[in-house]
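# Architecture at a glance
Listed here are the chains, written in short residue letters.
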4 protein chains.
Amino acid sequence: MGNFQVRTDLALEARESIAEGTCTLRGVRVEESYREAEDIRVTKVVIETKNAAKTMGKPMGVYITMEAPALVEPDEGYHREISEAFAEELLGLVPDAGRELSVLVVGLGNRDVTADSLGPQVVDHLLITRHVVREFGKKAYNCSRMNQVSSLEPGVMAKTGMETAEILKGVVSQACPDLLIVVDALAARSTKRLNRTIQISNTGIQPGSGVGNHRNALTEEELGVPVIAVGVPTVVDAGTIVGDALKKWMDDETDNKFDARLAFAELNNMYMTGKDIDAVIKRVSFTLSEGINIAMEKNNVVCDTE
Amino acid sequence: MGNFQVRTDLALEARESIAEGTCTLRGVRVEESYREAEDIRVTKVVIETKNAAKTMGKPMGVYITMEAPALVEPDEGYHREISEAFAEELLGLVPDAGRELSVLVVGLGNRDVTADSLGPQVVDHLLITRHVVREFGKKAYNCSRMNQVSSLEPGVMAKTGMETAEILKGVVSQACPDLLIVVDALAARSTKRLNRTIQISNTGIQPGSGVGNHRNALTEEELGVPVIAVGVPTVVDAGTIVGDALKKWMDDETDNKFDARLAFAELNNMYMTGKDIDAVIKRVSFTLSEGINIAMEKNNVVCDTE
Amino acid sequence: MGNFQVRTDLALEARESIAEGTCTLRGVRVEESYREAEDIRVTKVVIETKNAAKTMGKPMGVYITMEAPALVEPDEGYHREISEAFAEELLGLVPDAGRELSVLVVGLGNRDVTADSLGPQVVDHLLITRHVVREFGKKAYNCSRMNQVSSLEPGVMAKTGMETAEILKGVVSQACPDLLIVVDALAARSTKRLNRTIQISNTGIQPGSGVGNHRNALTEEELGVPVIAVGVPTVVDAGTIVGDALKKWMDDETDNKFDARLAFAELNNMYMTGKDIDAVIKRVSFTLSEGINIAMEKNNVVCDTE
Amino acid sequence: MGNFQVRTDLALEARESIAEGTCTLRGVRVEESYREAEDIRVTKVVIETKNAAKTMGKPMGVYITMEAPALVEPDEGYHREISEAFAEELLGLVPDAGRELSVLVVGLGNRDVTADSLGPQVVDHLLITRHVVREFGKKAYNCSRMNQVSSLEPGVMAKTGMETAEILKGVVSQACPDLLIVVDALAARSTKRLNRTIQISNTGIQPGSGVGNHRNALTEEELGVPVIAVGVPTVVDAGTIVGDALKKWMDDETDNKFDARLAFAELNNMYMTGKDIDAVIKRVSFTLSEGINIAMEKNNVVCDTE
């Protein structure tokens, strides 16, 4: 592949792309499993060394990819079974799961650009409890143990004039959550993963990834609290897909070598997405919201229920 | 070009594409002019014969293309000078301009998909007068002559279960306008025309064009009243751009021939657009709204103003 | 009550208001029942004679009121049990229930005014099938019997310049549904019924009711097909509530008589609503959508399901 | 007036209400002027002593009220002349006006409740420059002096679980603006000031005011930077208007005295607004946005323009 820049936010794709010619990649551990009941393929990529991080172009940490073909299919309401599986995988990455937590869920992206509105739409459906617990106590919910959930939609730099990291650093310093969950629309390399793949990682988010590139580092190092990143690829980078298509065709048909990125300068700042993206985002965001709600409820909440 | 299907809603591009190897196209008359004050290049393509219509893949009629580079640039508020030029060209296509008209402006497209929301956003800013004139008379506006402007956002078939043509046929039969202006987001073949080109034609709209293909024929023949179509290309068909890029590269570098559409089946139902599409649509839709408002005001309205 | 105009869209309130001093009202039959499982009180008011219709200020027909206190309380997602009860009552008013139907659901109101956006938000969540059945047949759903569901959001007269009745008459004449279900936000007389009461009637909708008064008669007589009206009171008319409050206070404390409407001319064109109206509308509209989806599925749909 | 709580965010109304029986109020200076060209009445209320602040129920500082009847009337686009007058008054309250400033404009309120969406809609139309100046320098705008404008829509506590003050304190500590401008929808006591009155004050915002009460103290004392509050009354508190109406009627007709608030417990948490509130908010927010844009441009920006 030479210097060809892999434009993907998915660790899974980064690994595939790099591992094409090689059997294994030192410092990268991969575990695959299959949740039969829900038809979800789960791949856990663990980047364990600095060298591997450099090769992969992604920081050290755990990346869980859930491939759920059902996610693109309409369901009555939404996919409860995917929400539950997602909640389980999410909790697996929460440090200190099992104690009461104050969790700030951040919806990244631009609400006014459909393909980039996943984050804002996810926070729309969360069960927010922090202000109630702080004002009225856990008794307001008839609970003896209860998490505090808050949320923020920071907006994009073109509209705020501020880096997302500036905003989050400030808010975290005041609201003092134990954990951040940041949700964002991602770019995939291949159309076949669009809208049906959920990536969860404990590395936070690096500058330059995502649909609108709307942030610099949102990481524990930068923000001072653990950051779990949740994303679903909703777009494909236009230059990448053209390059990939062209490369595939040429490998089959010709002997030529070329740098696809050079050929398609006009595609910079463009992305490709499906024509039914509004319905897809609505459904997927609801599935993620419910998953986060379920995870928060499972995380050692103890309540009286009649 | 062989059988390669030109996926463009712009008559200008269709002609360029066909005329590449030929000097003139029989039955197609082209007039070019340049509005220096506003830096707008106006091309009028008149398809005069059935044969030419067949070759161009577009019905007989007049197609005006205004290329206004300023349209993509932010301005204080919006581009008043482009609105005025557009109003003038629009009025030039109105049959019986100069008499009082009842005009129904239709905003096609899906409000929830940013790149497809041009039509709905245009109708948001129109000055609607029909109900006032009918209930209180022209005196409500201190006018002795006054058009009746109404608007409709019919929605897309995936949400309504009905063809746009069914809805419009019904509404036209009840509301009896003299003229329809239908506004829609278009697909261009080249990224260089995105968001800076306005096409106006007196042919209405044929099935299969537009971003979401959300209608069958919206024409005078079908609806019983003249139909002026107004559009701005906001997306590029993904398969087309890949095909074009590939073809260009191959013409330069190789001797191969291929059918690009076959190669990229995965790109069906996908489109490509810019990352700042929300800001662009907001600005362009306001410019078009104001243009329609200006045209309606100029169309022989006679009012007392202090 | 003298000439005091009862400003309410609820037949239940109209009857209470009129029946205050009397035991029974000739020509009005009232049946009450209580659905214990769901804690829903159902009142069926049947206006059987022209005289009774005149006294009540509402046309002859059946008015079902479901009072569901749970509707105002947040639930995980929404209230499935209320949706199912609503579906049952709704089907009870469908003429010819049990045969395949083409049903057009109309979302009345103004999406941009929160308290008036119930109708538009209800149609957002419907399962639309008409276009699929017509293009691909019932087999697309693996069904041998299947309704055709379509929807329309006609907009309000201030934005369209057209009466809602004009638009619907036209669309019905083209799309030829067997039944219309029109959904609208209502005005109640008392705050205690706000957002927790569903009214279903087989009389359609008369001019002058609803939050924005955005229609003239939407009735079988006018439109040519049966019309079921579904509404939830989301606002209280400002003049009415002031008048009622004042009257109550004076009846207790003074001997004065007065016409409250005269006193509060400044309240015309104003309405009163709750501060959490956005969350309420979101939840209630989803409950209604699901109810309509369930009703459509129960209405003699025969499908293969694995 | 006894203990009757004046529910108004307008200093003008507070003063009127208190000053009804008295000629002057010690410690409160009032200057009135009339801008004839724009038909705007400007009242400057300066609360100069702690005692006066206590009597008025508002902190010491300057409150400018612009009464602009034209604000409720539709205009082509918006009211440029009101924007310019507003810009002038706003600049008059800016400390250190005339030097380059970094200004953070905060849009308070709930975008999903029409009457409360003024703040969010104002920030939608601002010219945001901070990120550009910081990344590319003032040369990006061909300017040798240039303000840095940023914006934030913090959301409401029911959705974020955080106090607005927590969020702003954090963001201010990171982004370090010189000045905050906070924009919010206000509650008036009288319907006659709705939507046509702009209040500007240099006191920031106190807890408990505004449509949704969505903040605690947003003041220089709390946030560390000067805070200018801008508001337009879009609602009337329901309990207040009923009480006022009742009081007026009784003063004329009866000898009774009563506490209106007690009588109308059911009106708590309700507000009253006009039926065309969506169109009003759209127009007013645009007028305010442009005013802020004009003020920022006038504030000692030095640019080359051809």
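Residues numbered from 1 in each chain as written. Chains lettered and ligands numbered in written order. Predicted model: local features only at pLDDT ≥ 70, side-chain atom pairs only at ≥ 80, totals over all residues. Heavy atoms only, no water.

### Describing the overall build of chain A
Of the regular secondary structure elements, chain A holds 11 helices and 11 strands. Counting only residues that meet the buried cut, chain A has 58% of its 306 residues in that class. Taking contacts inside chain A between residues at least 6 apart in sequence as the whole, the part at least 24 apart equals 73%. Within the structure as shown, chain A displays about 12600 Å² of accessible surface, and the carbon and sulfur contribution to it stands at 46%. (Helix = DSSP H or I, 4+ residues; strand = E, 2+ residues; numbered from the N terminus. Buried < 20%, exposed > 50% of the residue type's maximum accessible area, 1.4 Å probe, protein only. Contact = heavy atoms within 4.5 Å. Areas by Shrake-Rupley, 256 points an atom, 1.4 Å probe, with all protein chains shown as cover.)

### Details of the interface of chain A and chain D
Taken together, the 24 residues of chain A in the interface contact 24 residues of chain D. Summed over both partners, the interface of chain A with chain D buries about 2000 Å², with 57% contributed by carbon and sulfur atoms. It is M162, E166 and Q174 of chain A that lose the most area in chain A upon contact with chain D, and together they represent 26% of the buried surface on that side. The interface formed by chain A and chain D includes 4 salt bridges. A salt bridge links R130 of chain A to E166 of chain D; its shortest N-O distance comes to 2.8 Å. The interface formed by chain A and chain D holds 10 residue pairs in polar contact (both at pLDDT 80 or more) in total. (Buried area = accessible area lost by both parts, 1.4 Å probe. Salt bridge = Lys/Arg side-chain N within 4 Å of Asp/Glu carboxyl O. Polar contact = N/O pair within 3.5 Å; in protein donor to acceptor, adjacent residues only side chain to side chain.)

### A short note on helix α3 (residues 80–93) of chain B
Residue pairs spaced three or four apart in an α-helix point in one direction, given the helix's 3.6 residues per turn. The terminal C-alpha atoms of α3 of chain B lie 20 Å apart, and with 14 residues this matches the ideal 20 Å at 1.5 Å per residue to within 8%. Along α3 of chain B, the residues that are buried comprise I82, S83, A85, F86, A87, E89, L90, L91 and L93 of chain B. (Expected span 1.5 Å × (residues − 1).)

### Some words on the environment of G57 of chain B
Along the chain, G57 of chain B falls in the loop between α2 (50–56) and β3 (61–67). For the pair G57 of chain B and R15 of chain B, spaced 42 residues apart in the sequence, the C-alpha separation amounts to 9.7 Å.

### A few points about the packing of helix α3 (residues 80–93) of chain C against helix α11 (residues 277–298) of chain C
Residue and element names in this part refer to chain C. At a minimum axis distance of 8 Å, the contact between α3 and α11 shows a crossing angle of 50 degrees. With respect to α11, the axis of α3 lies oblique. Classified by chirality, the crossing of α11 by α3 is right-handed. Two secondary-structure elements touch here, α3 through R80, I82, S83, E84, F86, A87, L90 and L91 and α11 through T287, L288, E290, G291, I292, I294, A295 and K298. Tallied by class, the residues present in the contact of α3 with α11 amount to 9 nonpolar, 3 polar and 4 charged. (Axes fitted to C-alpha atoms, helices over the stretch in contact; angles between N-to-C directions. Parallel < 35°, antiparallel > 145°, perpendicular 65-115°, else oblique. Left-handed = near helix turned anticlockwise from the far one by under 90°. Nonpolar A, V, L, I, M, F, W, Y, C, P; charged D, E, K, R; others polar.)

### Some remarks on the relation of the copies chain A and chain D
For the pair chain A and chain D, the best superposition has an RMSD of 0.0 Å and corresponds to a rotation of 180 degrees with a translation of 0.0 Å parallel to the axis. When the rotation and shift are considered jointly, the pair of chain copies conforms to a two-fold rotation axis. No C-alpha of chain A lies nearer the rotation axis than that of G170 of chain A, which sits 1.8 Å from it. With an isologous cut-off of 70% or more, the 100% of interface residues of chain A that recur at the interface of chain D puts this contact in the isologous class. (Least-squares fit on C-alpha atoms with pLDDT ≥ 70 in both.)

### A word on the side chain of T65 of chain B
In this fold, T65 of chain B is placed in strand β3. Aside from chain neighbours lying at most four places away, what touches T65 of chain B is L12, R41, V42, T43, T197, I198 and Q199 of chain B.

### Some points on the pattern of salt bridges
Within this structure, the stated rule accounts for 68 salt bridges over all chains. The salt bridge partner of E84 of chain A is R80 of chain A, with a shortest N-O separation of 3.2 Å. Pair noted here: E84 of chain A and R80 of chain A are both in helix α3 (residues 80–93), with a separation of 4 residues, about one helical turn. Judged by relative accessible area, R80 of chain A falls into the partly exposed class, the value being 35%. Between K169 of chain C and E222 of chain C there is a salt bridge, and its shortest N-O distance comes to 3.1 Å. One end of the pair, K169 of chain C, is in helix α7 (residues 164–175); the other, E222 of chain C, is in helix α8 (residues 220–223), and 53 residues separate them in sequence. Overall, E222 of chain C belongs to the partly exposed group, its relative accessible area being 36%. Overlapping salt bridges bring together R35, E38, E88 and E89 of chain A as one network.

### With respect to the state of the cysteines
Considering all chains together, one arrives at 4 disulfides over all chains under this definition. Each sulfur of the disulfide joining C143 of chain B and C303 of chain B lies 1.9 Å from the other. Between C143 of chain B and C303 of chain B, the S-S torsion sits near 95 degrees, and that sign places the bridge as right-handed. Linking C143 of chain B in strand β5 (residues 143–145) with C303 of chain B in strand β11 (residues 302–303), this pair joins segments that are 160 residues apart in sequence. No disulfide involves C176 of chain A; its sulfur sits 18 Å from the nearest other cysteine sulfur, which is in C176 of chain D. Judged by relative accessible area, C176 of chain A falls into the exposed class, the value being 51%. (Disulfide = S-S within 2.5 Å.)

### Things to note about the pairing of strand β4 (residues 102–107) of chain B
One face of the sheet, then the other: side chains in a regular strand alternate in exactly this way. Residues and elements named next belong to chain B. Most of β4 is tucked away: 6 of the 6 residues are buried. On β4, burial covers both faces: S102, L104 and V106 on one face and V103, V105 and G107 on the other are all buried. Pairing analysis gives 5 bridges linking β4 to strand β6 (residues 148–152), with the strands arranged parallel. Note that in β6 the partner of V103 across the bridge is V149. Relative to strand β7 (residues 179–188), β4 is paired through 5 bridges, and the arrangement is parallel. Its bridge partner being in β7, G107 is matched across the sheet by V183. (Pairing = 2+ DSSP bridges.)

### Re helix α11 (residues 277–298) of chain B
Residue and element names in this part refer to chain B. For α11, spanning 22 residues, the distance from its first C-alpha to its last is 31 Å, which sits close to the expected 32 Å at 1.5 Å a residue. Counting buried positions over the 22 residues of α11 gives 18, a clear majority of the element. Phi turns positive one or two residues past the end of α11, at N300, with a value near 60 degrees.

### Looking at the environment of S150 of chain C
Examined against the element boundaries, S150 of chain C turns out to sit in strand β6 (residues 148–152). On the basis of relative accessible area, S150 of chain C is assigned to the buried category, the value being 2%. Here the alpha-carbon distance between S150 of chain C and D116 of chain C, two residues 34 residues apart in the chain, equals 21 Å. If we skip the residues at most four places from it in the chain, S150 of chain C touches T160, G161 and M162 of chain B together with V103, L104, V105, I128 and R130 of chain C.

### Looking at the confidence of the model for chain A
All names here are of chain A. Confidence along chain A averages 85 in pLDDT terms, with 82% of residues attaining 70 or more. Across chain A, strand β4 (residues 102–107) holds the top mean pLDDT of 98, while helix α10 (residues 260–263) sits lowest at 50. When the criterion is pLDDT under 50, residues 1–6 qualifies, and its contacts beyond four places in sequence or with other chains add up to 9 contacts. Our summary of model confidence lists the complex with pTM equal to 0.89 and ipTM equal to 0.89. (pLDDT = per-residue confidence, 0-100.)

### Looking at the side chain of N147 of chain C
Residue and element names in this part refer to chain C. Position of N147 among the secondary structure elements: in the loop between β5 (143–145) and β6. For N147, the side chain forms a polar contact with the main-chain oxygen of M296, separated by 2.6 Å. Here the side chain of N147 touches N299 through a polar contact of 3.0 Å, side chain to side chain. Excluding residues that lie within four positions of it along the chain, N147 makes contacts with R99, E100, L101, T129, V133, M296, N299 and V301.

### Regarding unusual backbone geometry
Residues and elements named next belong to chain D. Here the phi dihedral of D96 falls at roughly 60 degrees; this positive angle occurs in a residue that is not glycine. Positive phi outside glycine occurs at N195, with the angle close to 65 degrees. Topologically, N195 is positioned in the loop between β7 (179–188) and β8 (197–201).

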